[in-house]
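Examining the three-dimensional arrangement
Next come the chains, spelled out residue by residue.
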Amino acid sequence: MKTDLFQAPDYYNVDDLLTSEHILVRNSAREWVKKNISPVIENYAQKSEFPVSLVPGLAEVGAFGAYIPQMYGGSGLDQISYGLIMQELERGDSGIRSTASVQTSLVMGPIYNYGNEAQRNKYLPKLASGEWIGSFGLTEPNHGSNPGGMETKFKDMGDYYLLNGAKMWISNAPICDVAVVWAKNEEGRVHGLLVERGMEGFTTPETKNKWSLRASITGELIFDNVKVPKENLLPNKSGLGAPLLCLDAARYGIAWGAIGAAMDCYDTALRYAKERTQFGKPIGQFQLQQKKLAEMITEITKAQLLAWRLGTLKNEGKATSAQISMAKRNNVAMALDIAREARQILGAMGISGDYSIMRHAMNLESVVTYEGTHDVHLLITGLDITGLNAFK
């Protein structure tokens, strides 16, 4: 088990923009990651195994339902606190952040926002405590960037709904206790259904052979004539806009999380550049290595300010989908570039499991694609600024 020597960069004193509660939440998450994730995560990633034992700790640190009200088991925190938790978790590993992000934004979020009081009371406390794990079923084998083409459907059978179809690339699927599943009714309207483990015809095979997010558990959701009780339909919002709003919340968390991965790569590369000697001096004394490091800290600082401003807008209820999309695209691309540059600074050691950089780089190859690809987010910004729809 390795010692976590991480020191967070804050070149523009962004901490001065945070409240004492923000810093307390962030530091608590940071210490938890140092103690519980960093010493074991390389081993789990090498084995391609999800560390289930970390789930109770994630709940204790507020990673599940950070902004869900306390009356339902959440922490009742603001959006910046939630973002900071995601930052610290992804500094540990993108897969661990994915687990928490799905649980909070894609499972607890729609149950809280679109569900009724009975559904909130039944599911949210169990999800907040980590007793139950949730998953979010939108992506299908034939429909990723075009969720409106979904083929998963349900019929009204009088006493229940009959659900058929399949979802894939679903985080948490193989261990989920409940899945928020998006499907079309007989009129083609999209609705959310709560499908529970144990319902006949509901299976969740694991996706194997991943080179990315290896410490995250991924799978499919398969529905073969699943009888879903009518009380399991989310009643307060329907249409494709419902799952897309959930994705906004998840993308917001990713915009913060990617900063954490970038910070870890930068901190590792900076420390190595000061310690590694070639040609009689530390490699950090060479101009090209200083160029890499200077560009890294500049981009991290810009991303920190972007995320903080977005969090402020979100707290005020003013953040738009397009603004969230821009932050997700920018910050993930930034983190992926930094991971690649940091890998070069470490040379051959950059591919070793003794360091976190290659793991972050592989993980970010997924993050740059999921919750909307890099290119799709560019077109979302293009639509927003021109008013011209490139998707049609």
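This is a predicted model, so every value here is computed, not measured.

The next thing to look at is the pattern of salt bridges. With the rule as written, the count across this model stands at 19 salt bridges. Measuring nitrogen to oxygen at the nearest pair gives 2.9 Å for the salt bridge that ties K230 to D156. One end of the pair, K230, is in the loop between β7 (218–229) and α7 (241–275); the other, D156, is in strand β2 (residues 153–156), with 74 residues separating them in the sequence. Exposure remark for K230: the relative accessible area of 29% places this residue in the partly exposed category. A relative accessible area of 40% places D156 in the partly exposed class. One salt-bridge network, in which partners are shared between bridges, spans D4, R91 and D264.

This part covers the nonpolar core. Residues L89 and W182 are the most contacted members of the largest nonpolar core, which totals 99 residues. Looking at this core element by element, the count peaks at 19 residues for α7. Listed in part, the 18 residues of the second largest apolar core include F154, A173, A179 and L233.

In contact at an axis separation of 9 Å, helix α9 (residues 321–345) and helix α11 (residues 374–386) are set at 140° when each is read in the N-to-C sense. The angle between α9 and α11 places the two elements in the oblique class. The two elements α9 and α11 meet at a crossing, and its hand is left-handed. Contact residues: α9 offers A322, S325, M326, K328, R329 and A333, while α11 offers H374, H377, L378, I380, T381 and D384.

The end-to-end C-alpha distance of helix α1 (residues 20–37), which contains 18 residues, comes to 25 Å, matching closely the 26 Å that a straight helix rising 1.5 Å per residue would cover. Within α1, burial applies to H22, V25, R26, A29, R30, W32, V33 and I37. With its buried residues spanning 165° around the axis, α1 presents them on a single face. Structural note: α1 exposes S20, L24 and K35 on the side pointing more than 90 degrees away from its buried face. Looking at the packing, one finds that the buried side of α1 touches α2 (41–47), α3 (55–60), α4 (79–92) and α5 (94–114).

Moving on to the packing of aromatic side chains. Within a pair of aromatic rings, the relevant descriptors are the distance that separates the centres and the angle that separates the planes. By the definition in use, this model includes 11 aromatic pairs. Centre to centre, the rings of Y114 and W182 are 6.3 Å apart; their planes meet at 80°, and the pair counts as edge-to-face. Of this pair, Y114 sits in helix α5 while W182 sits in strand β4 (residues 178–184), placing them 68 residues apart in sequence. Comparing Y114 with W182 shows no difference in burial state: the two are buried. With a centroid separation of 5.6 Å and an interplanar angle of 10°, the aromatic rings of F202 and F223 are classed as stacked. Placement of F202 in strand β6 (residues 202–203) and of F223 in strand β7 is noted, with a sequence separation of 21 residues between them. Through successive ring pairs, a cluster of aromatic residues spans Y67, Y82 and Y252. A cation sits over an aromatic face here: R91 above F6, 4.1 Å from the ring centre.

We now examine the UniProt feature "domain: Acyl-CoA dehydrogenase/oxidase N-terminal" (unreviewed entry) in the chain. UniProt feature "domain: Acyl-CoA dehydrogenase/oxidase N-terminal" (unreviewed entry): in the numbering of this structure it lies at residues 19–131. Secondary structure content for residues 19–131 is 70% helix and 0% strand, while the C-alpha to C-alpha distance between its ends is 31 Å.

Quick notes on the rules
- Residues numbered from 1 in each chain as written.
- Predicted model: local features only at pLDDT ≥ 70, side-chain atom pairs only at ≥ 80, totals over all residues.
- Heavy atoms only, no water.
- Salt bridge = Lys/Arg side-chain N within 4 Å of Asp/Glu carboxyl O.
- Helix = DSSP H or I, 4+ residues; strand = E, 2+ residues; numbered from the N terminus.
- Buried < 20%, exposed > 50% of the residue type's maximum accessible area, 1.4 Å probe, protein only.
- Core = buried A, V, L, I, M, F, W, Y, C linked by side-chain atoms within 4.5 Å.
- Axes fitted to C-alpha atoms, helices over the stretch in contact; angles between N-to-C directions.
- Parallel < 35°, antiparallel > 145°, perpendicular 65-115°, else oblique.
- Left-handed = near helix turned anticlockwise from the far one by under 90°.
- Contact = heavy atoms within 4.5 Å.
- Expected span 1.5 Å × (residues − 1).
- Arc of directions from axis to C-beta.
- Phe/Tyr/Trp six-rings, centres within 6.5 Å; stacked < 30°, edge-to-face > 60°.
- Lys NZ or Arg CZ within 6 Å of the ring centre and 35° of its normal.
- UniProt positions renumbered as here; feature names shortened; annotations may be inferred.

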